[in-house]
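# Structural features, examined
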Amino acid sequence: MMSGSTFQLIYEVVKQIPKGKVATYGQVASLAGNRNWSRVVGYALHANPDPAHIPCHRVVNRMGEVSKAFVFGGENRQIALLESEGVKLDGNRVDLEKYRWNRVTIEMME
């Protein structure tokens, strides 16, 4: 079982994804400190305590696909949120070459 501090690390990374960009579960996991946490990222986002400030809709799978189980309204809601930020989708898929956030390191909050 992951600790609350693990989820907090994940939330801090997700908060940094800018409007109009997306990150993959694996990318968020790596930036949070463990590239093997992709599934944990999904658990953390499903338990997101503050979706207004932790933009979990900006996280997609490694193929650029939105989540069919997006907890805050389903995949259509995730698509609508991304489109409202200028992200264009082809069906349920984002062009990662164009929209992937290219952050390589995390700046930890003091």
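With that settled, consider the environment of Arg35. Among the structural elements, Arg35 can be located in the loop between helix H2 (25-32) and helix H3 (38-46). Classification of Arg35 by relative accessible area gives exposed; the value is 64%. Taking the C-alpha atoms as reference points, Arg35 and Tyr25, separated by 10 residues in sequence, lie 9.2 Å from one another. Discounting residues that sit within four places of it in the chain, Arg35 has contacts with Ala29 and Ser30.

Taken as a whole and assessed by the stated rule, the structure comprises three salt bridges. Between Glu85 and Arg58 there is a salt bridge whose closest N-O contact spans 2.7 Å. With a gap of 27 residues between them, Glu85 in the loop between helix H4 (74-84) and strand S3 (89-90) and Arg58 in the loop between H3 and strand S2 (59-60) connect regions that are remote in the sequence. Under the relative-accessibility criterion, Arg58 is labelled buried at 7%.

Reading the values: rules and limits
- Residues numbered from 1 in each chain as written.
- Predicted model: local features only at pLDDT ≥ 70, side-chain atom pairs only at ≥ 80, totals over all residues.
- Heavy atoms only, no water.
- Helix = DSSP H or I, 4+ residues; strand = E, 2+ residues; numbered from the N terminus.
- Buried < 20%, exposed > 50% of the residue type's maximum accessible area, 1.4 Å probe, protein only.
- Contact = heavy atoms within 4.5 Å.
- Salt bridge = Lys/Arg side-chain N within 4 Å of Asp/Glu carboxyl O.

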